[in-house]
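Architecture and fold: a report
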Amino acid sequence: MINLVWLVPLFPLIGVFINGFWGRKLPRSVIGGLASAMVGLSFIVAVLIFFDLLRQIQADHHHFYHEVHLFTWISAGAFEANIAFLVDPLSTLMMLVVTGVGFLIHVYSIGYMDDEPSLARYFTYLNLFTFAMLLLVLGNNFLLMFVGWEGVGLCSYLLIGFWFEKQSASDAGKKAFIVNRIGDFAFILGVMLTFSTFVNLGDFEGNALNFYDLFQYVIEHPTAIPTWTFSLICLLLFLGATGKSAQIPLYVWLPDAMEGPTPVSALIHAATMVTAGIYMVARCHVFFLNAPDVLAVVAVIGVVTAIFSATIALVQTDIKKVLAYSTVSQLGYMFLGCGVGAFTAGIFHVMTHAFFKALLFMGAGSVIHALHHEQDIRNMGGLKDYMPKTRWTFLIATIAIAGIPPLSGFFSKDEILWYAFSSEFGHWGLWLIGAIAAFMTSFYMFRLYFLTFHGECRVDHHTKAHLHESPSVMTVPLIILAFLAAVGGFVGIPHVFHVPNLLHDFLHPVFAEGTERFMHESHGAASTEFLLMAISVLIALAGLFLAWNFYLKNPKWKEKYESALDGLYTVAYRTLWNKYYVDELYDLVVVKPVRWTSERVLWKFGDGVVIEGIVNGVAKVTVFTGQMFRLAQTGYIQNYAVSIVIGLIIVFSYFMLK
Amino acid sequence: MTGLPILTIITFLPLVGALFLLILPSHKGDLLRQAALTFATLTFLISLSLFFGYDATNTDMQFREFIPWITAFGINYHLGIDGISLLLILLTTVTMPVAILSSWTAITERIKAYMFVLLLLETAMIGVFVSLDLVLFYFFWEAMLIPMAFLIGIWGGENKIYAAYKFFLYTMAGSVLMLVAIIAMVYYGYTQLGKVTFDVLELYALDIPVNWQRWLFLGFFFAFAIKVPMFPFHTWLPDAHVQAPTAGSVILAGIMLKMGTYGFLRFSLGFFPDAAVSAIPYIATLSIIGIIYGALVAMVQPDLKKLVAYSSVSHLGFVMLGMFALNVQGISGSVMQMLNHGVSTGALFLLVGIIYERRHTRMISEFGGLTKQIPIFAVIFMIVTLSSIGLPGLNGFVGEFLILVGVFQEHAGYAAFAASGVILSAVYMLWMFQRVMFGKLENPANKLLKDINFREIIVLTPFIILIFWMGIYPKTFLDKMEPSVQKIVERVESRVDYWSQAK
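Since this is a predicted model, take the numbers as computed values, not measurements.

A few words on the pairing of strand β1 (residues 66–76) of chain A. All names here are of chain A. Relative to strand β2 (residues 79–87), β1 runs antiparallel, the two being bridged by 9 bridges. Across the sheet, the residue bridging to T72 is N82, located in β2. Following β1, the chain reverses through 2 residues before pairing antiparallel with β2; G77 in that reversal takes a positive phi of roughly 60 degrees.

Spelled out as structure tokens, the structure:
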């Protein structure tokens, strides 16, 4: 079955072709069904591959990865990039998440986009995205990963700007692509540095782009490559990851990306694409572990992003913006996990986050759909009575993200925080910041939940009359995801409970060899782990409690805080509301100066005045010289005769005097 | 080589076609168009036999033809191609029918002269790629200028005379210096070999002292650098492009700019390897400036054609940089990028031409929101735009990435600067695309725009196929060129080793 892995990306690609070429002629009901079915088929194949892989690993645990070579893509000299897929536990897990959650979101889209005229275009892009994302996770080499990496970026661009007639939507799409390109710039430099480093090693015999060839070599020759090379490679790769996975300093595109249709936000900007950076760092963990300085950078950027965007999420009132900043924040946690060497924990959070964040977005989409594209939570409230399924599933997701046991988010977040504290690359400071951000997460998520579903209904009368639960094509995916968000955490129960950690065991072969040299079993005592776990739970509950009082039970509390802090509160609030003015800063420091320089200095002055001046100057000098000579052409014989005489005198005198 | 003189046939078939047009009545527009198209298509079909007949395992010049001509001066009719010229010839023969078909309705005056000039141009361009004799080469090189200058000067836009002059004089100035260098080199060959020869392969064998090489390199440099055009010799290009008719722009960007890069590859590297090596820092610097400068200036252009013209400066900077990495990846990428640029930029000019024909303006500010009005055009435009910004899976990426890999191994700093072009190309292309195609359709003049018609789809099809083909399976092309590229690299390396040992 593993040899048929190419079927997984192939199905969505078929969907792209059918809907892309004939979608306009197909009946509307077929378009979405077909696109969903394609991803569904991919999911089925992925599941079969998963079981096949499990069986093979059980038979021989050294045999945990398989490469399926299709054809050579680019070759020139020693450079050879193949179209070849890699099936190992890590890529299989990602493949399952992408196709599984992807399938649910495709189905959900059928309902959400029911009144969209360009349905075929929508589903073509969505299938294309799935295809590209699968290339990204399945590629066995850096270059094929980069194909997927850029491909998902393209689909993100197309889908954010899906409603391209809206200026803000097409701006946001363009911004996403360009900011991602800045990351990609670093990423390809990292890939090239990798290639040129390895290809020049005398005893490296593999393909210098192929993941396992590279990693096996590094594991077998731990000192062949200087640390600074690894540091540089990893720093470049990580900068690429900050683009795709929306971390400081390149996170700015993700909040704007909410201009896209809501299922797109769920699929691309929450569950799958934005986790590509974490996947890539985990995939390259062998490199990163050899660059401990960069790991520290990863952890710090991760945790700082986590708290930074959590603070912004505290005050936003657009339901999707809150979720967007929340996503940035949660991605920060995943990087924190990777940064302290807990790659399994990072991937675990990728998985659980895919469940609950996709669910949150789809729940938000359900609300937005019912309220005719109203996104401001100040105009919502009390929806629990009108939309019970949406409400309950949203609540489950909220509890999950807040980190309240036993829902999934608790397990993955707690594992990250525990390693942040106890790992050899960890630090109590990282834990502390992570814990504070966790408190904020709980607070802003319950704020969102209470303001949307509880309290009095602030929806206008006209809309209120039509309020209804979404159709089952939308709610069934919600319920399935709610189930996953609730129980998904049980695959990764902490070791202190002495039950098998299924996820850890599954991923173990991928991470074991690389991490052996650096990591030992966490050295914290079981009692410490229990204590920190208890603190996590209390923090989450505290967030819930505070939000409940502020926004439901005792609004006076909130007013009291506000008046007590007075001026400070206003300044802080405004800063957060305006997202720390980062967009304005980038505009002022980068965008405007570049545009001005290009137009005024380079084009109008450089080309227009300097170069053209010289070129036309040469022409003018030529014309001028010609005219000078023309003056001599008088046509009078006498003048010529005089010239001849003068010339003769000069020549003769020259020879005489010589 | 026995059998049919295939290179001669391919080179001169368009000329035969041009002469044939002369006997047709000038008022029968369609007949003239069809005749020209037939000849160009026939040339393309015959040139395919080169592709299938070319033996990539053999690194010698192939399909050689040798007829003594002016033997006293060692001037011969000597033709032959390697893997690199093979691909450039194919680019030429595939572009010409497209160019003719694209002018179907755009050109309504002096059709006979127009088609005549186009076919003449084709012969001259193919001639440049097949010549293995410097006199023959120079003849074709100069012969190219005249039809192109006419194309701009007669069928061009408002400021056509100025642009035609500028194009002609600018490139002519460079060529004259090359002529001097050719004569000087032949003279040196005479002192060394004891005979006068203009034969490229014989001159390759010369062992020219480095200080001679530097001067000769410089002589050739201006001719080629202007043609490429490298920064700062590029200012003729925006004018020529803006004024030229669509087909002129397509040919200019698609093929004629490659003459410069081809010249560097075939002659500058071939004859003067030592000088080439010592010129690396200068060429690389100019190329990198070209990449970044071209991109930044393209970004702020209000005119679509100027934007594409400046983007060419940027793309050709990549070609030059990759070539002077002087390793297999760099040069393969460079050749690949020549083809890519021909395809992508050719297609861009066609697309601009299509809306220009309908709206008689190329100002970006005149457009906006066209996607709703002309959806098929929008899809094709998007694909070409993405190909131009080097999206993996499409053609542009392959060349760009190989170039960067090649350059990175020699000088990581150059590659880092050049790679910033990857960001900038996304900026200027997507911003342009947004302003033209996205947003609301507000300008009433655009509300009558008709979508792309069947003929225009046919015109664009070859390029669209190539965009995907070269992006997904570039091996077809890389396999053909690799041995020839290898040969160039080995030659340069052997020289460099020789000199480093001599020290």
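A separate point is the confidence of the model for chain B. Per-residue confidence for chain B gives a mean pLDDT of 90, with 98% of residues at or over 70. In the predicted assembly, ipTM is 0.89 and pTM is 0.91.

Residues and elements named next belong to chain B. Looking at the secondary structure, you find K480 in helix α19 (residues 475–502). Notably, K480 is buried but unbridged: the nearest opposite-charge side chain belongs to D55, and the N-O separation is 7.5 Å. The contacts of K480, once residues within four sequence positions are left out, are F51, Y54, A56, G83 and L86.

How big an interface is tends to be expressed through the accessible area that disappears when the partners come together. With 48 residues of chain A at the contact, the number on the chain B side is 61 residues. Carbon and sulfur atoms make up 71% of the surface buried where chain A meets chain B, a total of about 4,800 Å² over both sides. Linking chain A to chain B there are 2 salt bridges. Across the pair E165(A) and K372(B) runs a salt bridge, and its minimum N-O distance is 2.7 Å. Run the count over chain A and chain B and you get 16 residue pairs in polar contact (both at pLDDT 80 or more).

The next point concerns helix α6 (residues 160–193) of chain B. Taking 1.5 Å per residue, 34 residues should reach 50 Å; α6(B) reaches 48 Å between its end C-alpha atoms and fits that length. Downstream of α6(B) by a residue or two, G194(B) has a phi angle that is positive, lying close to 80 degrees.

Here the focus is the confidence of the model for chain A. In low-pLDDT segments, the atomic positions of the prediction should not be examined closely. The pLDDT averaged across chain A works out to 89; a share of 98% of its residues lies at or above 70. The secondary structure element of chain A with the lowest average pLDDT is helix α23 (residues 555–577) of chain A, at 80, and the one with the highest is helix α11 (residues 276–283) of chain A, at 95.

This brings us to the pattern of salt bridges. A pair can form between side chains of opposite charge whenever their charged atoms are brought close. Residues and elements named next belong to chain B. Across all of its chains, the model carries 22 salt bridges over all chains by this definition. For D82, the salt bridge is made with R266, and the minimal N-O distance between the two is 2.8 Å. Of the two residues, D82 is situated in the loop between β2 (75–81) and α3 (83–102) and R266 in helix α10 (residues 246–271); the sequence distance between them amounts to 184 residues. Grouping residues by exposure puts D82 and R266 together as buried. Where K195 meets E202, a salt bridge forms, and the shortest distance between an N and an O atom there is 3.0 Å. The exposure class of E202 is partly exposed, given its relative accessible area of 31%.

The next thing to look at is the packing of helix α9 (residues 236–243) of chain B against helix α12 (residues 304–323) of chain B. Residues and elements named next belong to chain B. Relative orientation of the contacting elements α9 and α12 amounts to 140 degrees, with a least axis distance of 9 Å. Judged by the inter-axis angle, α9 sits oblique to α12. Considering the relative orientation of α9 and α12, their crossing is right-handed. Of the residues in α12, those in contact with L237, P238, H241 and V242 of α9 are K305, K306, A309, Y310, S312 and V313. Grouping the amino acids of the contact of α9 with α12 by side-chain chemistry returns 6 nonpolar, 2 polar and 2 charged.

Positionally, P281(B) belongs in helix α11 (residues 273–299). On a C-alpha basis, the gap between P281(B) and E122(B) in space is 35 Å, while along the polypeptide they are 159 residues apart.

What counts, and at which threshold
Residues numbered from 1 in each chain as written. Chains lettered and ligands numbered in written order. Predicted model: local features only at pLDDT ≥ 70, side-chain atom pairs only at ≥ 80, totals over all residues. Heavy atoms only, no water. Pairing = 2+ DSSP bridges. Helix = DSSP H or I, 4+ residues; strand = E, 2+ residues; numbered from the N terminus. pLDDT = per-residue confidence, 0-100. Buried < 20%, exposed > 50% of the residue type's maximum accessible area, 1.4 Å probe, protein only. Lys, Arg positive; Asp, Glu negative; His and termini not counted. Salt bridge = Lys/Arg side-chain N within 4 Å of Asp/Glu carboxyl O. Contact = heavy atoms within 4.5 Å. Buried area = accessible area lost by both parts, 1.4 Å probe. Polar contact = N/O pair within 3.5 Å; in protein donor to acceptor, adjacent residues only side chain to side chain. Expected span 1.5 Å × (residues − 1). Axes fitted to C-alpha atoms, helices over the stretch in contact; angles between N-to-C directions. Parallel < 35°, antiparallel > 145°, perpendicular 65-115°, else oblique. Left-handed = near helix turned anticlockwise from the far one by under 90°. Nonpolar A, V, L, I, M, F, W, Y, C, P; charged D, E, K, R; others polar.

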